[in-house]
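So you can see what is in the structure, the chains are spelled out below.
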Amino acid sequence: MTTQEAAILSWTFEPLPTAALLLSALVYLRGWNRLRFQAPLRFPAWRLWCFLGGLFAIFVSLSSPLDAFAPFLLLSHMTQHLLLTMVAAPLIWLGAPPLPMICGLPRRIAAGVVAPFINWAPLKAFIHQLTHPVVCWSLFVVSNVLWHIPGMYELALGSRFWHEIEHASFLGTALLYWWPVVQPWPSRPRWPRWAMIPYLLLADL
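Enquirer: Hey, could you run me through the layout of surface pockets in this one?
Expert: If you roll a probe as big as a water molecule over the atoms, it shows you where there is empty space left. Size it by volume and the largest pocket reaches roughly 1,100 Å³. Lining the largest pocket are 33 residues; nearest its centre among them are Trp-93, Pro-98, Ile-118, Ile-127 and Trp-179. Those elements that place two or more of their residues in the lining of the largest pocket are α3 (45–63), α5 (74–94), α6 (98–103), α7 (107–118), α8 (121–130) and α11 (160–182). If you tally residues by element for the lining of the largest pocket, the top one is α8, at five residues. For the lining of the largest pocket, the per-class residue count stands at 24 nonpolar, six polar and three charged.

Structure below.
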């Protein structure tokens, strides 16, 4: 078997993550299609492509040969992490998904289930604290440091379960990390925009 054949056969389509990505794309597309007529300046076509590009980056990271080769090649392993943290997460927020995802749901679910839940005072207070730049930055940095401690690194390489936990940790904390930077509409910044420069530089260090 040639290298090219091995790469093609290494693509995987795990039912649960693939279905979740497809469902997210469909719900967003439905909501974006509604909102682009109501607020065309807020929801131009580039937001749609950013969001879909973010989902595609997640798919490539988890289902392409990168995932199959990750236990053997450091390059593949680290490329997976970069796709999740530096490509997928900011692209998703550039799509300004909060409103399109809500508007894309069936009206009965959006009004009867989602709206009361997101308007629940304890949840709003928790999200307000969770999205503070200090919290976002700290969780992202701790996650990256933790998973690159030799013991944790070897654990993720040797166990499929912990490898998936690692991916979820990277993506989840990356979404938090990029929230203050991209500041997806209609959220409001907590810090002045110039503060994002040291925010990004310190995380790189």
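We are not done yet, so read on.
Enquirer: Help me understand the packing of aromatic side chains, please; the structure alone is not making it clear to me.
Expert: Aromatic ring pairs: the centre-centre distance and the angle between the two ring planes describe each pair. Inspection of the entire model under this criterion finds eight aromatic pairs. Ring geometry for Phe-43 and Trp-185: centres 5.6 Å apart, planes at 75 degrees, overall edge-to-face. Of this pair, Phe-43 sits in the loop between α2 (15–38) and α3 while Trp-185 sits in the loop between α11 and α12 (196–204); the two residues are 142 residues apart in sequence, bridging distant segments of the chain. Taking relative accessible area as the criterion, Phe-43 reaches 2% and is therefore assigned buried. Looking at Trp-185, the relative accessible area reads 28%, which means it is partly exposed.

Enquirer: For this particular structure, what's the right way to read a nonpolar patch on the surface?
Expert: Together, Val-142, Val-145, Leu-146 and Ile-149 line one region of the surface with nonpolar side chains, adding up to about 330 Å² of accessible area. Assessed through its relative accessible area of 37%, Leu-146 is described here as partly exposed.

Enquirer: In this structure, what is going on with the packing of helix α9 (residues 133–147) against α11? I would like to understand it.
Expert: Helix-helix packing is described using two parameters, namely the angle between the two axes and the distance between the axes. Relative orientation of the contacting elements α9 and α11 amounts to 150 degrees, with a least axis distance of 8 Å. Comparing the axis directions of α9 and α11 gives the class roughly antiparallel. The way α9 lies across α11 gives a crossing that is left-handed. Judged by residue contacts, Pro-133, Cys-136, Trp-137, Leu-139, Phe-140, Ser-143, Asn-144 and Trp-147 of α9 engage Trp-162, Ile-165, Glu-166, Ser-169, Phe-170, Thr-173, Ala-174, Leu-176, Tyr-177 and Pro-180 from α11. Grouping the constituent residues of the contact of α9 with α11 by class yields 13 nonpolar, four polar and one charged.

Enquirer: What's the story with unusual backbone geometry in this structure? I'm lost.
Expert: In terms of backbone geometry, most residues other than glycine have negative phi values and most peptide bonds are trans. In the Ramachandran plot, Ala-96 falls in the positive-phi region, its phi being about 45 degrees despite a non-glycine side chain. Its place among the elements puts Ala-96 in the loop between α5 and α6.

The rules we used
- Residues numbered from 1 in each chain as written.
- Predicted model: local features only at pLDDT ≥ 70, side-chain atom pairs only at ≥ 80, totals over all residues.
- Heavy atoms only, no water.
- 1 Å grid on protein atoms, 1.4 Å probe; cavity = no way out; pocket = protein on both sides within 12 Å on 5 of 7 lines; lining within 4 Å.
- Points joined across faces, edges and corners; volume = space filled by probe spheres on them.
- Helix = DSSP H or I, 4+ residues; strand = E, 2+ residues; numbered from the N terminus.
- Nonpolar A, V, L, I, M, F, W, Y, C, P; charged D, E, K, R; others polar.
- Phe/Tyr/Trp six-rings, centres within 6.5 Å; stacked < 30°, edge-to-face > 60°.
- Buried < 20%, exposed > 50% of the residue type's maximum accessible area, 1.4 Å probe, protein only.
- Patch = residues over 30% accessible without salt bridge, like charges linked within 9 Å, V, L, I, M, F, W, Y side chains within 5 Å.
- Areas by Shrake-Rupley, 256 points an atom, 1.4 Å probe, with all protein chains shown as cover.
- Salt bridge = Lys/Arg side-chain N within 4 Å of Asp/Glu carboxyl O.
- Axes fitted to C-alpha atoms, helices over the stretch in contact; angles between N-to-C directions.
- Parallel < 35°, antiparallel > 145°, perpendicular 65-115°, else oblique.
- Left-handed = near helix turned anticlockwise from the far one by under 90°.
- Contact = heavy atoms within 4.5 Å.

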